[in-house]
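# Structural description and commentary
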Amino acid sequence: MSLAHETLASLRRRLSSKEIHSRDIVKDLLTEIGTREKTVHAFTHIDEKAALAAAEKADSSLPLGGIPIALKDNLNALGDPCTCSSKILEGYKAPYDATAVARLRQAGAIFLGRTNMDEFAMGSSTENSALGITRNPWDSTRIPGGSSGGSAAAVAGRLAIAALGSDTGGSIRQPAALCGCVGLKPTYGRISRYGLVAFASSLDQIGPLTRTVEDSAILLSALAGHDPRDNTTDLRKPETFLSKPTGSVQGLRVGLPKEYFLPGMSPEAEAAVRGAAHWFEKNGATLVEVSLPHTPAAIAVYYILATAEASANLARFDGVRYGRRAVEPKDLLDLYHRSRSEGFGPEVKRRIILGTFVLSQGYADAYYRKAQKVRGLLRQDFESAFTKCDLLLTPTSPEPAFPLGERTQDPLKMYLADVFTISTNLAGNGAISLPCGFTKSNLPIGLQLIGPHFGEEKILQAAHAYEQSHDFWKRMPPV
Ligand code: GLN
């Protein structure tokens, strides 16, 4: 069997016992990429030579020694392109490593390629990429989700063992759900954002996309921890997650938020998620109905705050400080104007305009400040829910992967893809998505488990117990 089909945990064991070499994994991945990447287009850039050279030098005594990992194209890795799938960053090469990248490198990982994404992580389908669309390995006429759609498609399609993504409103969990892999958005502050191209700094978190929960825990253990270069990172000591899997959910109080089971959602998705809740109950957990009453406001709050922060963060791409410069500008204003209007795609422009508007004088009180207040209420919703339960169980996405092109002309409909993931970014909580079933037409369905702040160990334990008593993670996509 091709090594591309194995989990990170299994490859790690085989590497450290010297049964296999990192070059074998890279070669097998490149073979898979050679046959399927044309269809899937998970990557924006692959450097075969560099990956093979790094594999030759890999030190298999390190925790991730010789494991190839794919990186979303918004994470700086020294010397590699980092386009954020935007024309404005064409030709840019990262001058340093993001802390997350440096930590993986230190642990011995090697990097295989850069994965496609919605431009500057704005989107839910990877159709907003300036570098072409990515297709879902379960059905190539459908979207892989987004914005980390390239990372999810690569992992699900056996084109990568594991990948990093970023999640501002669901961009790790939603593509993981739609591609049938595991996606973890850690608690805000768990992983350093240094070197991640910022979209909305108060919401962004880096996290792993993997085939199993155990693999997710291995990467989280390598990535987490305080970083003096990001003062929002938490100060607690490094942990090894899931070092002793209990395999049990006995006594766990699992909350089902009533606002997360919507009338319009896919009946198949709802049935699969309720089925998962039933499994928890059958295995000794107690189900409790809880309420997160401010949920209906979450999308509006998110699109005010995220766009406000994005408008400020993206100001640096002006053809002077960062980004490609328009040729032969008439004057300075023309240089700024054309560099930005030629470099950014329509969704990014829409958000910069919206964000500038909600921050402008006369409107900031009505929109930005009001949204901040509601954000506080959303956070309180979670705090009070977690007095009644240990974890929350919800769908990750209201429906399975939708057809390519279905929502590109309707941004508001596209924004609804994140109804179940956005609140946790606003409240800062960690959450995981893992497969919990398939539709009749063989599309994966995702289950979301949300924890209290810094409750990753709880999330991973429960997710692992559930995963191990099902075989969804073993299924191979047909593409
Ligand atoms: N889909 C959401 C958006 O378009 C979330 C994106 C993300 O998490 N990066 O903003």
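Before reading further, recall that the structure is shown in the block above.
The text that follows walks through the structure, step by step, so that each part is easy to find.

Calculation criteria
Residues numbered from 1 in each chain as written. Predicted model: local features only at pLDDT ≥ 70, side-chain atom pairs only at ≥ 80, totals over all residues. Heavy atoms only, no water. Helix = DSSP H or I, 4+ residues; strand = E, 2+ residues; numbered from the N terminus. Rg over C-alpha atoms; globule rule 2.2 N^0.38 Å. Buried < 20%, exposed > 50% of the residue type's maximum accessible area, 1.4 Å probe, protein only. Contact = heavy atoms within 4.5 Å. Areas by Shrake-Rupley, 256 points an atom, 1.4 Å probe, with all protein chains shown as cover. Lys, Arg positive; Asp, Glu negative; His and termini not counted. Charge placed at Lys NZ, Arg CZ, Asp CG, Glu CD. Near = heavy atom within 4 Å. Polar contact = N/O pair within 3.5 Å; in protein donor to acceptor, adjacent residues only side chain to side chain. Nonpolar A, V, L, I, M, F, W, Y, C, P; charged D, E, K, R; others polar. Pairing = 2+ DSSP bridges. Axes fitted to C-alpha atoms, helices over the stretch in contact; angles between N-to-C directions. Core = buried A, V, L, I, M, F, W, Y, C linked by side-chain atoms within 4.5 Å. 1 Å grid on protein atoms, 1.4 Å probe; cavity = no way out; pocket = protein on both sides within 12 Å on 5 of 7 lines; lining within 4 Å. Points joined across faces, edges and corners; volume = space filled by probe spheres on them.

### So, the overall build of the protein
- The secondary structure content of the protein amounts to 15 helices and 11 strands.
- Scaling as 2.2 N^0.38, a compact globule of 479 residues should have a C-alpha radius of gyration of about 23 Å, and the protein matches this with 21 Å.
- Over its C-alpha atoms, taken along the principal directions, the protein stretches across nearly 70 × 55 × 45 Å.
- Taking all 479 residues of the protein together, the buried fraction comes to 61%.
- Contacts spanning at least 24 positions in sequence make up 76% of the contacts within the protein whose residues lie at least 6 apart.
- As displayed, the protein has an accessible area near 18100 Å², and 54% of this comes from carbon and sulfur atoms.
- A gap of 2 Å separates the mean positions of the 54 positive and 50 negative side-chain charges of the protein.

### Focus: the site of the ligand
- Contacts to the ligand come from 15 residues, most closely from Thr168, Gly169, Ser171, Tyr302 and Asp418.
- One nitrogen or oxygen atom from the main chain of Thr168 is found 2.7 Å from an oxygen atom belonging to the ligand.
- Tyr302 is positioned such that a nitrogen or oxygen atom in its side chain is 2.6 Å from an oxygen atom of the ligand.
- Summarising the interface, the protein chains cover 100% of the accessible area of the ligand, which totals 290 Å² for the free molecule.
- Partitioned by chemical class, the residues of the shell around the ligand number 5 nonpolar, 7 polar and 3 charged.

### Here's the deal with the sheet that holds strand E8 (residues 286-290)
- Reading across the sheet, the 11 strands line up as E1-E3-E2-E4-E6-E5-E10-E11-E9-E7-E8 and stay open at both edges, with mixed pairing between neighbours. Only two strands of the sheet have a single neighbouring strand rather than two, namely strand E1 (43-46) and E8. The sheet shows a mean angle of 30° between the axes of neighbouring strands, taken without regard to direction.
- With 4 bridges joining them, strand E9 (residues 391-395) and strand E11 (residues 444-450) adopt antiparallel strand pairing. Within the sheet, the bridge partner assigned to Leu393 lies in E11 and is Leu449.
- Helix H2 (residues 22-40) contacts E1, strand E2 (68-72) and strand E3 (110-115) of the sheet and is inclined by roughly 20° relative to E3.

### Details of the nonpolar core
- Phe120, Phe280 and Ile432 are the most contacted members of the largest nonpolar core, which has 143 residues in total.
- Counting residues per element, this core draws most heavily on helix H9 (residues 298-313), which supplies 10 residues.
- Residue contacts for Phe280: discarding those within four places in its chain leaves Val249, Leu252, Val254, Ala285, Leu393, Leu447, Leu449, Ala462 and Tyr466.
- Among the nonpolar cores identified, the runner-up in size contains 6 residues, and Ile143, Ala177, Phe402 and Met414 belong to it.

### Focus: the layout of surface pockets
- The volume enclosed by the largest pocket comes to roughly 370 Å³.
- Every residue lining the largest pocket is counted, 19 residues in all, and those nearest its centre are Ala50, Ala54, Arg105, Ile110 and Phe111.
- Of all elements in the fold, only helix H3 (48-57) and E3 reach the threshold of two or more residues within the lining of the largest pocket.
- Counting residues per element, the lining of the largest pocket draws most heavily on E3, at 5 residues.
- For the lining of the largest pocket, a count of residues per class yields 10 nonpolar, 3 polar and 6 charged.

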